[in-house]
Number of protein chains: 2
Amino acid sequence: MPRWSPDAALRLEAAALDSFEEHGFTDTTVPQIAARAGLTTRTFFRHFADKRDSLFLRDREFPQAVRDFLRSVPAESTPVATVQLGLASACRGVQGWRPQIARRQAIIRSEPALQERDLLRSHRLGLAIEQSLVERDVAQPQAHTLAAIAVTCFDLAIARWLDEPPDTDLEENLLAVWDDVRAVMEEGAGDGRGR
Amino acid sequence: MPRWSPDAALRLEAAALDSFEEHGFTDTTVPQIAARAGLTTRTFFRHFADKRDSLFLRDREFPQAVRDFLRSVPAESTPVATVQLGLASACRGVQGWRPQIARRQAIIRSEPALQERDLLRSHRLGLAIEQSLVERDVAQPQAHTLAAIAVTCFDLAIARWLDEPPDTDLEENLLAVWDDVRAVMEEGAGDGRGR
DNA sequence: TGCGTGATGACACGCCGTGTCGTCACTGTA
DNA sequence: TACAGTGACGACACGGCGTGTCATCACGCA
């Protein structure tokens, strides 16, 4: 039997989630979380950069997963189609985690510092998409804007999904949001922009 | 003569900017900034929520400015045209602040914690746009997506603007970015989305 | 048996951010 | 002149945050 249980980060994450739900984010101290996981404060900071980071353990692998998936899409696929394939794949991967995501989202909404951290998560995801598109020879500006739109759509789809019944399909929401975006942009295609 | 100089926040902001440039963000302590401005640490935290906040003093008025401007746009203007008018106005207002913005941006780029805070700034700006659009009877989902696109375009235009010669026109960059976005979205309008 | 490795504990420490109280110029009123 | 209210700031204490450093000990390996 090993001296140390090998799932320290996971236990800390669970302890943090429970503590935040019970006492709120601000009124929970790191020593409390660590003790709940049977570890010390110092060990907490070996696994997480700060207190907020304990809520974002799962997101660390996402950027790499994005890159891996987009590399698997045939080169003939257009940029937009490629991104849509990626988002659809992400939907399928996330679909089963709804309860955990809902718990986390509720805590994030309650604390500005966590919303801030959540924005960084979205940003990093967008960066991964952008880089993968550039690897596929998409021009930098187009890659950037397309990645930004993709992340915006995905986050909005998640938000709507969490507001609906638990058995709702995330991918359906995503397609609806995507149509909204295109409709908005096309609506203003020919108006007076003073050019 | 007043006992206290009335520009404490501005002096603290300047002291912080100088200190960050000289020693870096992490190696600058709040007492250092306060002393440089001729004030105490406690007073620093009366004007700023935290150390990072001292770089974002000017942005506090932006959301209200957005709302004020969008309320002045005629009701007949379409949502997209309204947003474009707002962005153009913002460009004209920002155009003269290029040196200060460049200094600040350089510091922000050097520190993840500041990038995070900068994302919150963008987010709040988007929220203000969204709310103003909803006031103009734009549907909530369309308002959200349009606001997100607007902020994305604006931030990208600023980034490109800072990379170009000092006399470049920000509004020209913005229009170019906007065209990119629409081109990207229309390119994928009729492809195989599996629907 | 001995050695290297790696995760954890233990401890100290400086900085962050807040609560609280006192100080004092400024303002308005009479 | 007098005097109370206001509001910005200084002074001080304090708990929590996050890091540097060294000791401990199971594990794998030879």
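Predicted model, so just to flag it, every value in this text is computed and none were measured.

Side note on the interface of chain A and chain B
- Contacts between the two partners involve 38 residues from chain A, matched on the other side by 38 residues from chain B.
- Around 3,800 Å² of area is buried between chain A and chain B when both sides are counted, 62% of it from carbon and sulfur atoms.
- Linking chain A to chain B there are two salt bridges.
- A:Arg52 is the partner of B:Glu116 in a salt bridge, and the nearest nitrogen-oxygen pair spans 2.5 Å.
- The tally of links between chain A and chain B comes to four residue pairs in polar contact (both at pLDDT 80 or more).
- Among the secondary structure elements, those contributing two or more residues to the side of chain A that touches chain B are α5 (79-94), α7 (112-135), α8 (140-163) and α9 (170-187) of chain A.
- Considering each element in turn, the side of chain A that touches chain B owes the most residues, 12 residues, to α9(A).
- For the side of chain A that touches chain B, the class distribution of residues is 17 nonpolar, eight polar and 13 charged.

Side note on the packing of aromatic side chains
- The tally for this structure, following the rule as stated, stands at six aromatic pairs over all chains.
- Geometrically, the ring pair formed by B:Phe44 and B:Phe45 is edge-to-face, given 5.2 Å between the ring centres and 85° between the ring planes.
- Its relative accessible area of 0% is what places B:Phe44 among the buried residues.
- Taking relative accessible area as the criterion, B:Phe45 reaches 39% and is therefore assigned partly exposed.
- By the ring-pair criterion, three or more aromatic residues cluster together here, those being A:Phe44, A:Phe45 and A:Phe48.
- A:Lys51 extends its terminal NZ or CZ atom over the ring of A:Phe25, reaching a point 4.5 Å from the ring centre.
- Positioned above the aromatic ring of B:Trp161, the side-chain terminus of B:Arg98 is 5.5 Å from the ring centre.

With respect to the pattern of salt bridges
- Under the counting rule described, the total for this entry stands at 30 salt bridges over all chains.
- We note a salt bridge from A:Arg121 to A:Asp118, for which the minimum N-O separation is 2.7 Å. One end of the pair, A:Arg121, and the other, A:Asp118, are both in helix α7, three residues apart, so they sit about a helical turn from each other. The pair A:Arg121 / A:Asp118 is uniform in exposure class, with both members buried.
- Between B:Arg104 and B:Asp59 there is a salt bridge, with its nearest N and O atoms 2.7 Å apart.

Digging into the relation of the copies chain A and chain B
- After a rotation of 180° and a shift along the axis of 0.0 Å, chain A superposes on chain B with an RMSD of 0.1 Å. The operation mapping one copy onto its partner corresponds to a two-fold rotation axis.
- Counting the interface residues of chain A, we find that 100% of their copies in chain B are interface residues as well, pointing to one common contact surface.

Side note on the domain arrangement of chain A
All names here are of chain A.
- Each assigned domain of chain A is listed with its residue range as follows: domain 1 (8-54) and domain 2 (56-187).
- On a C-alpha basis, the centres of domain 1 and domain 2 stand 27 Å from each other.
- Taken residue by residue, the interface counts 14 residues in domain 1 and 12 residues in domain 2.
- Counting the surface lost from both domain 1 and domain 2, the interface buries some 1,200 Å², and carbon and sulfur atoms represent 53% of this.
- There are five salt bridges connecting domain 1 and domain 2.
- One salt bridge connects glutamate 13 with arginine 58, and the closest N-O pair in it is separated by 2.8 Å.

Rules used in this analysis
- Residues numbered from 1 in each chain as written.
- Chains lettered and ligands numbered in written order.
- Predicted model: local features only at pLDDT ≥ 70, side-chain atom pairs only at ≥ 80, totals over all residues.
- Heavy atoms only, no water.
- Contact = heavy atoms within 4.5 Å.
- Buried area = accessible area lost by both parts, 1.4 Å probe.
- Salt bridge = Lys/Arg side-chain N within 4 Å of Asp/Glu carboxyl O.
- Polar contact = N/O pair within 3.5 Å; in protein donor to acceptor, adjacent residues only side chain to side chain.
- Helix = DSSP H or I, 4+ residues; strand = E, 2+ residues; numbered from the N terminus.
- Nonpolar A, V, L, I, M, F, W, Y, C, P; charged D, E, K, R; others polar.
- Phe/Tyr/Trp six-rings, centres within 6.5 Å; stacked < 30°, edge-to-face > 60°.
- Buried < 20%, exposed > 50% of the residue type's maximum accessible area, 1.4 Å probe, protein only.
- Lys NZ or Arg CZ within 6 Å of the ring centre and 35° of its normal.
- Least-squares fit on C-alpha atoms with pLDDT ≥ 70 in both.
- Domains from an automatic or database assignment.

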